[in-house]
Structure formats: structure tokens, C-alpha cells
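Architecture at a glance
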Amino acid sequence: MIDERAFFTEKPETRQARYQCPKCRRTGEYNIRWVRRSKKDKPPAGADEGDRAKFAKLRDYLLRLDDEVTCKACGKRFEIPSQHSLMFVDQLGGLPNDEDLEREIGAASGEPERAPETKPALPARFTRKSSGWK
Ligand SMILES: [Zn+2]
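Residues numbered from 1 in each chain as written. Predicted model: local features only at pLDDT ≥ 70, side-chain atom pairs only at ≥ 80, totals over all residues.

1. Section: the overall build of the chain
- Helices and strands together make up the secondary structure of the chain, namely three helices and six strands.
- Taken from the N to the C terminus, the helices and strands of the chain come in the order β-β-α-β-β-β-β-α-α.
- Across the 134 residues of the chain, 3% fall into the buried class. (Helix = DSSP H or I, 4+ residues; strand = E, 2+ residues; numbered from the N terminus. Buried ≥ 20, exposed ≤ 12 C-beta atoms within 10 Å, placed from the backbone.)

Below, the structure is given as C-alpha cells:
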């Protein structure tokens with residue numbers, strides 16, 4: 001199998017983000033370094049069928065390079081929440097796709113809600129598609 005990085009062109013990118021310092025609780029804007037991986041027009045030479053299938057499923061994404069920032073208020077270093085270390089480019093703007101919606105619904109269902117009048121045949125966790133990383 002070809003390394004996934006061969007399917008992408010890489011470009012560094014700086015993005016602003018707001019983070020709250022866990023020490024002083026102040027929120028600040030930070031310039032975070034990312035690398036943008038844009039899918040190439042076609043799979044590299046020598047790609048076999050498996051590589052081509054993998055290539056077809058890939059999406060452009062951003063990978064965060066910075067793991068921590070220095071608080072602008074108190075000067076302490078703190079870690080950026082790790083769940084924000086990868087973003088798909090198509091999630092940055094426009095309408096979310098089905099998979100994103102499902103994830104959001106899943107996240108929202110963690111909120112306490114009024115009990116539904118009728119119970120669904122199956123709890124959502126049995127019917128929801130897995131969106132795990134492969
Ligand atoms: Zn601070």
C-alpha cells in the first residue's frame with residue numbers, strides 16, 4: 001500500500017482560534033499552525049486497485065501542528081483540546097453532510113431532554129452508523 005501522504009499535496013496554513021486558558025480562565029485568540037492536505041487530481045503512479053479505492057474515499061483535511069499555546073493573559077502554556085486536531089476542509093464552510101449531521105445529533109443527544117412520548121423501536125446507538133476513523 002502507498003503511504004497516505006503520497007495522495008496529498010501539503011501546504012502550511014495559519015488559522016486563528018479561540019481557546020480558554022485552564023489556569024486563568026481567560027479566552028484569547030491564538031494563531032495556530034496547521035498543514036492543509038489537498039487531495040491530488042489522481043492517485044500516484046504505481047497505485048494498485050486498493051490504493052485507488054482508498055484514494056477515492058479521501059477528503060481534503062487540515063492537521064494541526066501546534067499542540068499547545070502560551071496564554072496571552074497569564075503566560076502559562078496549555079494544551080489545545082486534542083479533539084480539534086483534525087478538520088475536514090468540507091466541514092469548514094457550507095452545509096454539513098450527512099455524516100456531520102449525525103455526529104452533531106449524537107453530540108446534542110448528550111443534553112438532558114424531555115422524555116419522548118413513545119419509545120423508538122431501537123435505541124439510537126444501535127441504528128446510528130459508525131463514523132470511526134479508518
Ligand atoms: Zn492564562
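Here the narrative resumes.
2. What to know about the pairing of strand 3 (residues 61-64)
- Bridge analysis of strand 2 (residues 27-39) against strand 3 gives four bridges, and the strand direction is antiparallel. Bridge assignment links R36 to a residue of strand 3, and that residue is L62.
- Note that strand 3 and strand 6 (residues 86-88) share three bridges and pair antiparallel. Looking at strand 6, one finds that L62 is bridged to M87. (Pairing = 2+ DSSP bridges.)

3. Quick word on the pairing of strand 1 (residues 8-20)
- Burial runs low along strand 1: only zero of the 13 residues are buried.
- One ladder, built from 13 bridges, connects strand 1 with strand 2; its direction is antiparallel. When the sheet's bridge partners are listed, T14 is paired in strand 2 with R33.
- Following strand 1, the chain reverses through six residues before pairing antiparallel with strand 2; R25 in that reversal takes a positive phi of roughly 70 degrees.

4. Observations regarding the confidence of the model for the chain
- The predicted model of the chain averages 81 in pLDDT, with 68% of residues at 70 or higher.
- Ranking the helices and strands of the chain by mean pLDDT puts strand 4 (residues 68-70) first, with 96, and helix 3 (residues 124-127) last, with 55. (pLDDT = per-residue confidence, 0-100.)

5. Concerning the environment of L58
- For L58, the location among the structural elements is in the loop between helix 1 (49-57) and strand 3.
- With 14 C-beta atoms packed within 10 Å, L58 lands in the partly exposed category.
- Sequence separation between L58 and F8 is 50 residues; the distance between their C-alpha atoms is 9.3 Å.
- In this view, L58 contacts F7 and K39; residues no more than four positions away in its chain are not counted. (Contact = placed C-beta atoms within 7 Å.)

6. Notes on unusual backbone geometry
- The backbone of R25 sits at a positive phi, close to 70 degrees, despite the residue not being glycine.
- Tracing the sequence through the fold places R25 in the loop between strand 1 and strand 2.
- Judged by local crowding, R25 falls into the exposed class, with 10 C-beta atoms found within 10 Å.

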